[in-house]
Amino acid sequence: MLNSQRSLSELPKMSAASQVERAVLEEEFNWLLREEVHAVLKQLQDVLKEASRRFSIPSPGLESQLKQENFILGSSSMDQVKGVLTLQGEALTQADINLKVAKSSQTMHFQFREDKQWKLQQIQDARNHVNQALQLLSSHDESYHFKTGTEVNKLMDAVMLQLTRARNRLTTPASLTLPELATSGLMKMFSPPMPGDVMVNFYINLSKLCLMVYQLHVLPPNTTKNFKHAGSSVLHNPGAMFELNNNRFEVSHVHKVECVVPWLNDTLVFLTISLQLCQQLKDKISVFSSFWSYRPF
Amino acid sequence: MSGNSLVLPIVLWGRTAPTHCISTLLVMDDFSTIITGCHDGQICLWDMTSDLEICPRAMLFGHTASITCLSKASACSDKQYIVSASESGEMCLWDVNDGRCIEFTKLACTHTGIQFYQFTIGTQREGRLLSNGLYPEILVMDATSLEVLYSLVSKISPDWISSMSIIRSHRTQEDTVVAMSVTGILKVWIITAEVSRMQDLDPVFEEESKPVYCQGCQSISFCTFTQRSLLVICSKYWRVFDAADYSLLCSVPSDNDQSWTGGEFIAADKVIIWTEDGCSYVYKLPPSEHFRSHVGKTKESLVPPLIYKIAERSDKELLICPPVTRFFFGRREPFHKLLIQGDSAGQLSLWSIPDSTPQQPLSAAAELQVSSTISLQEAFDKLTPVSAGIIDQLSVLPSKEEPIKVTASVYIPSQGRLVCGREDGSIILVPATQTAIVQLLQGEHMLRRGWPPHRTLRGHRNKVTCVLYPYQISPRYDQRSLVSGGVDFSVIVWDIFTGEMKHIFCVHGGEITQLIVPPENCSTRVQHCVCSVASDHSVGLLSLRERKCIMLASRHLFPIHVVKWRPADDYLVVGCSDGSVYVWQMDTGALDRCVMGITAVEILNACDELAPATVDALSHSAVNLKQAMTRRSLAALKNMAQHKLQTLATNLLAADNADKGNLPKYSHNALVVQAMKTNLTDPDMHVLFFDVEAVIIQLLTEEAQRPNPTLVSPETLQKSQAGADKGGSFLANKIFKQVKETMKETIKEHLLDEDEEEEEEMRRREEKSKSLSLLEYNLTMDTAKLFMSCLHAWGLNEQLDNICLERLGMLRPHCPISFGLISRGGHMSLMLPTFKESLLRQLSLATGLKLTLSDIVGKGTYGVSRAVTTQHLLSVISLANTLMGMTNATFVGEHMKKAPARPPRPGGTPESPRRMQATPPQPSNPALQAQIKQAAVAATANTGTVTTAAGPPGAPGAPPQGAPGSPSPGPALNVPSVNEGWSQLAAMHCVMLPDLLGLDKFRPPLLEMLARRWQDRCLEVREAAQALLLAELRRIGVSGRKDTIDMWASYLPQYVDTVSSPGSTSEAPSPAPPPPDAQPIETKASEEEMDVVDDDITTGSLVRYNVLVSLLVMLHIRCCCCYCYSYYYYCYCYYSYSYYYYSYYYWYYYCYYSYSYSYYYYCYYYCYYSYSYYYYYYYY
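Residues numbered from 1 in each chain as written. Chains lettered and ligands numbered in written order. Predicted model: local features only at pLDDT ≥ 70, side-chain atom pairs only at ≥ 80, totals over all residues. Heavy atoms only, no water.

Enquirer: Looking at this model, I keep getting lost on the overall build of chain A. Mind explaining?
Expert: When you go through chain A residue by residue, the secondary structure sums to six helices and ten strands. Here chain A holds 297 residues, and the buried ones make up 47% of them. A sequence separation of at least 24 residues applies to 66% of the contacts in chain A between residues at least 6 apart. (Helix = DSSP H or I, 4+ residues; strand = E, 2+ residues; numbered from the N terminus. Buried < 20%, exposed > 50% of the residue type's maximum accessible area, 1.4 Å probe, protein only. Contact = heavy atoms within 4.5 Å.)

Enquirer: Please clarify how the pairing of strand E7 (residues 198-205) of chain A should be interpreted in this entry.
Expert: All names here are of chain A. Within E7, eight of the eight residues are buried, leaving the element largely enclosed by the surrounding structure. Side chains of E7 alternate between two faces, with Val 198, Val 200, Phe 202 and Ile 204 and Met 199, Asn 201, Tyr 203 and Asn 205 buried alike. Examined bridge by bridge, E7 and strand E8 (residues 208-219) share eight bridges and lie antiparallel to one another. Along E8, the bridge assignment pairs Met 199 with Tyr 214. With antiparallel pairing between neighbouring strands as the criterion, E7 and E8 make up a hairpin whose turn holds two residues, including Leu 206 at a positive phi of roughly 55°. (Pairing = 2+ DSSP bridges.)

Enquirer: Is there a simple way to explain the sheet that holds strand E49 (residues 671-676) of chain B in this structure?
Expert: Strands pair in a sheet through their backbones, by hydrogen bonds, and they do so in one of two ways: parallel or antiparallel. Residue and element names in this part refer to chain B. The sheet built from three strands is open, its strands ordered E1-E50-E49 with antiparallel pairing. Among the strands making up the open sheet, the edge pair consists of strand E1 (7-12) and E49. Across the sheet, the mean angle from the axis of one strand to that of its neighbour is 25°, orientation sign disregarded. Direction of pairing for E1 relative to strand E50 (residues 685-691): antiparallel, over a ladder of six bridges. By the bridge assignment for E50, Val 7 is matched with Asp 691. Across the sheet, helix H5 (residues 432-440) is in contact with E1, E49 and E50; its angle to E1 comes to roughly 65°. (Axes fitted to C-alpha atoms, helices over the stretch in contact; angles between N-to-C directions.)

Enquirer: Even after reading the chapter, I still don't get the domain arrangement of chain B, so can you show me in this structure?
Expert: Interfaces are often described in size by the accessible area the parts lose on coming together. Under the domain assignment used here, chain B contains domain 1 (20-105), domain 2 (107-213), domain 3 (221-290 + 301-356 + 364-370), domain 4 (498-609) and domain 5 (779-892 + 977-1036). Between the C-alpha centres of domain 3 of chain B and domain 4 of chain B there is a distance of 52 Å. (Domains from an automatic or database assignment.)

Enquirer: Explain the interface of chain B and chain A to me, please; I cannot follow it from the model alone.
Expert: If you look at the interface, chain B gives 40 residues, while chain A gives 40 residues. On the chain B side of the interface with chain A, the three residues burying the most area are Trp 160, Ile 320 and Ile 598 of chain B, jointly 18% of the side's total. One can count three salt bridges joining chain B with chain A. A salt bridge links Glu 87 of chain B to Arg 165 of chain A, with the nearest nitrogen and oxygen atoms 3.1 Å apart. No other element matches the three residues that helix H8 (residues 597-610) of chain B contributes to the side of chain B that touches chain A. (Buried area = accessible area lost by both parts, 1.4 Å probe. Salt bridge = Lys/Arg side-chain N within 4 Å of Asp/Glu carboxyl O.)

Enquirer: When you look at the UniProt feature "repeat: WD" (unreviewed entry) in chain B in this model, what are you seeing that I'm missing?
Expert: Residue and element names in this part refer to chain B. Here, UniProt's "repeat: WD" (unreviewed entry) annotation points to residues 60-104, 457-504 and 553-594. The distance separating the terminal C-alpha atoms of residues 457-504 is 13 Å; by composition the span is 8% helix and 48% strand. End-to-end, the C-alpha atoms of residues 553-594 are 12 Å apart, and along that stretch the chain is 0% helix and 55% strand. (UniProt positions renumbered as here; feature names shortened; annotations may be inferred.)

Enquirer: Whenever I open this one, the environment of Gly 825 of chain B confuses me. Can you help?
Expert: Residue and element names in this part refer to chain B. Position of Gly 825 among the secondary structure elements: in the loop between strand E51 (820-822) and strand E52 (828-831). Classification of Gly 825 by relative accessible area gives partly exposed; the value is 25%. Sequence separation between Gly 825 and Asp 355 is 470 residues; the distance between their C-alpha atoms is 46 Å.

Enquirer: Where do I start with the pattern of salt bridges in this structure?
Expert: Side-chain pairing between opposite charges can occur once the charged atoms of the two side chains come close. Residue and element names in this part refer to chain B. Throughout the structure, instances matching the rule amount to 38 salt bridges over all chains. Across the pair Arg 824 and Glu 103 runs a salt bridge whose closest N-O atoms are separated by 3.3 Å. Separated by 721 residues along the polypeptide, Arg 824 in the loop between E51 and E52 and Glu 103 in strand E9 (residues 101-106) bring together distant segments of the chain. Note on Arg 824: relative accessible area 37%, which makes it partly exposed.

Enquirer: I'm lost on the packing of aromatic side chains in this one. Help?
Expert: The description of an aromatic ring pair uses the distance of the two centres, along with the angle that the planes make with each other. The tally for this structure, following the rule as stated, stands at 15 aromatic pairs over all chains. Where Phe 110 of chain A meets Phe 190 of chain A, the ring centres are 6.3 Å apart and the plane angle is 70°; that geometry is what we call edge-to-face. Here the residue Phe 110 of chain A occupies a position in strand E4 (residues 107-112), and Phe 190 of chain A occupies one in strand E6 (residues 190-191), the gap between them amounting to 80 residues. The residues Phe 110 of chain A and Phe 190 of chain A share a single accessibility class, namely buried. Ring geometry for Phe 891 of chain B and Trp 982 of chain B: centres 5.7 Å apart, planes at 70°, overall edge-to-face. Remark: Trp 982 of chain B occurs in helix H24 (residues 977-997) and Phe 891 of chain B occurs in the loop between helix H19 (866-885) and helix H20 (908-918); sequence separation between them is 91 residues. By relative accessible area, which is 3% here, Phe 891 of chain B ends up buried. A relative accessible area of 0% places Trp 982 of chain B in the buried class. Among the aromatic residues, ring-to-ring pairing joins Phe 110, Phe 112, Phe 190 and Phe 202 of chain A into one connected group. (Phe/Tyr/Trp six-rings, centres within 6.5 Å; stacked < 30°, edge-to-face > 60°.)

Structure, rendered in structure tokens:
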């Protein structure tokens, strides 16, 4: 790589030495296309297969055979909210939420209804993106002969798009407005039914499974407090206001508890590694392509 | 909004066709248009003839990411709409005929497939778009508003939908959606009437969900011939299922590591399947009875016979990604069955699939030959003359064929100069209008080599990748400095006036990719920096004042995607392509933070909130274009257009001073040259944006500043000139003069370099002319000259053409010019240079004559599309009117060489009229005038009679009878011939064009677009729109007007319907409802005044005009305002008033043809007077 840069500055002279260097560079580039690219692609495939293995894909008909994992969500500092969630593949099959309301000492207890489970769309999307990236890579196996650097770049771009999306799906949860949250199907999944002044949300943030609990209080209709709709956000702060069915609500308490999902952490690491591999390959190509685009005038 | 002002783009594509790496394609139902989308986000429209000749016509810009899918979006053939979706979730509805963007929207999710379907609900059919993509639902959208109406969701194992198909079952008479999820589960939804009517977002659950074990499904399709089988293509095999119970009928694996990517039924018993690398195979399925008897015992080995094979082509070597293959069959004559393939080189290949099976034994599959193939570059290469690039004449080296490519450019509007960095490392500075004139128009400049005068900056060793003129963005920078970056890793600072290289920065370890100006409120040290981004993923702050790099933020792992600022915290925020964000302290150069995920998004968003203007997305040229478009038309013009001549000049000066601090310099420029590239590796192509409103204002300003030699002293003139010259102060002028001397020297040198053996005398003459016009050419007039020459419909009226050439100084274009059309939200359609080929073919077909290219120069563009015609006619008429109002506004003569307000040189002023006298070749002026006048009157009379014949007797005929009576021939002879020339030009475009061109070559203007300009803020444009609207209404005759009313009536509120229905009497509309309480007394007065005038003209059809006009205007208002109700009321008032008003306008209109200028102006002002009331009313 260093060679090529040095020769770049010497090329205008077009001396005999640079001619030789040019030939060497060309050989080096051919080696890159022939050997190195495939080596990187192989490595990428291995890493991604490993990542894809972490998302246990439900094969049709065999859903029940998926491994169930229990996660206990809580924090050491506060004990108002505690949750036990069961994750099976990409779906939460069971949930146990204990909520201690500040004003009364009683504990509220909610569970998923028997017939319901909550799909974590983030995990499904990430899995599908990883699989699409794998599919792209598998179409160019050892026997395929890359002819140009652009071809490799194009493939890398496509792969990186999928990988970035997969990672972004896990690292950036969907931001929702409070009314969207209140009307989502999640509220109807519990038994006993959620009271009107409590809202919950599940999401993945990085490798953590998060549970948000919002406690609301109804604003009196003739309140003098200046009412402002809260926008969409992943995490709404106390004081956020919204309107639903002609009632105005304000968030009074926010509780967030989380728990690390080990295999999600692995997946994220794999995704980061493969993204870097892709970028490094692109950088290698770009050193040469800037050299090839050079035309002495 | 850019959609509001009248801006016309002209494109100079250059010889290299834009990169068009096809990602998806579509053939319209009538097989006359192919549409391709590419990975860079552009959409290309290709015309196809019935014998499968293809020619690219236009390119649509607006998407910022790769196009993922295209679909038709309307059922009827007269209104051809398509919808496109991109990787970033944008959706856009386009009109195929003219490339207008009708509607656009953006969702957070990416669509990978869209299908149009008309659901039948009772007797009604409603167009819907169904989309699937990277989400587990199928979204159902309205096909005209692109609003999501409801979604189809799955209850059982929901997952992404990889493909879907919609069918109307004969058995159940219900619309059925069949889809395959990525995990291989077949899902069926039934759309019932109740579902279709549903408006809220309640989900619709699937009717059936069946695992069919098809992993990696690529596409599914129904057999439309029998409706009994379903074809499912997976990458490793394809299968046929029974459409009723989804039982497997046959399965064919792919051989030797090829993967199937798609397929279709081409007949009841034949399927075509294609692979990723572009081969296709036609299989014959067993007869269906036989087929179905085998259900359940299908053997894998039972492969249906292969009958045709379409091999990949040998020249596929250089493809960089898999080609896209699609199959389409015509449901109408000539029943084409076409297999179309688009590849990464922008090439389309067509195969016509025969219905018959080959005669030979079935064991050997017959090879099918390609029917037609063309690539964008081939189409460009075939053109004669070749498609022009903006500085081609300066870039062709003597030894080489191809010009040196322009790789980066920036336009400096204040000086009217274009800076072009080229691939050989040189930078060229050239007057933009002059070089555009060379490229587009014929004239004496063709004889001069090296014209226009330019200067070359040499310093970069290799390709220049970016150029920045910081002063244009903020006045805190030195007016002289120009910054450029190259692939040789260096950033060079130039003095543009001396051509001196001031400093070379070599701080980066990679090609410079972008140069950015930091925002206003940074620390003083940073304020004098430019920010450079390089391909080694580093960002540098280069101080132009200190001539050193004050900070280098490097070692980012991924390419830099965006650079943002937090000036208050002294932070530079770098967003990388993988989503990570690096926060750097500008002062210390320390890395403050490196974050990912939500925090990263939040940090980037926080920067936007603080300073929305400082966002610089590096990713895509289309984004930059959009920004440029929005920036250009700022509020500065808004009020000015409504003022009249005298006040305008002072206002402009005041506004200019006031705005200096906060408005971009180029916010009100008649001409903006924008460099664009569809792909980073492409050379620049240049789009010249003409803002008609700004041209008019600048012309009027100059007119107002025109010196009256007896009254004005040179000093004041100097001052006003300095102010009017928007870029320069008085000091700057001095510098210009100095610089001019040095530049003259360099040019001399340059010339000596290039043309050594050129004749001595010739050279001297050239130098003389160059030194004259080096910096002193009149930018405004030059712009107007270029613009008018491009717009005029040449070759329709010999005499008028001569007047244009010789008296008005216009120039004839070399060949038809590629225009563009800007529509909503900065979406843009640009004609490819090859459009003329297809236009020629189309016109030849229509007229039955063999036409050559020169036959359609100028006038050809009026046959392209109705929207284009509207824009062009509006521009040409409003500009001609403006020029007509100016004194001696001609493009020939000395005054073109310098600004008009400059104090006249001794002997200078008398010379120009003398020259003018000398130039006309005709022996006698009055004789010619008489001729022209006769012709014009004849033409007017002609159109008059035509309409009389078409319309009811006496109705439209009445005004023409009055017309000859009103003008007195006396004043016409005293009028300067230049003005008369302009008036004839305007008249020809306003009324005579349809007759002169004939309807097969003329696409009439769109009434609704004209109605939208009815209250345009620029008076000239408004008048042009009104005159055109009237002319058009008259042209379409009674039946046409009736059709228009019928078409629009359904969109109107109920109580107007009674009035507007065509069958009703031609009485005046019912009196206006009581006016709002604060109505001024003046309005009443004017009403009465107009009543008097109204009595003069009594025609029945007039009222119908009024109805139509007001109808259109109302419709427009209704479209614009969401809160309609309050507006209805005002519409109503407006409606009744337009009656009076219109009758008056009609009168004015006819005066227009009479060459009596006094009369004309009288009417003109009278109309203006009445306008003000309307304005009051309208805005009240």
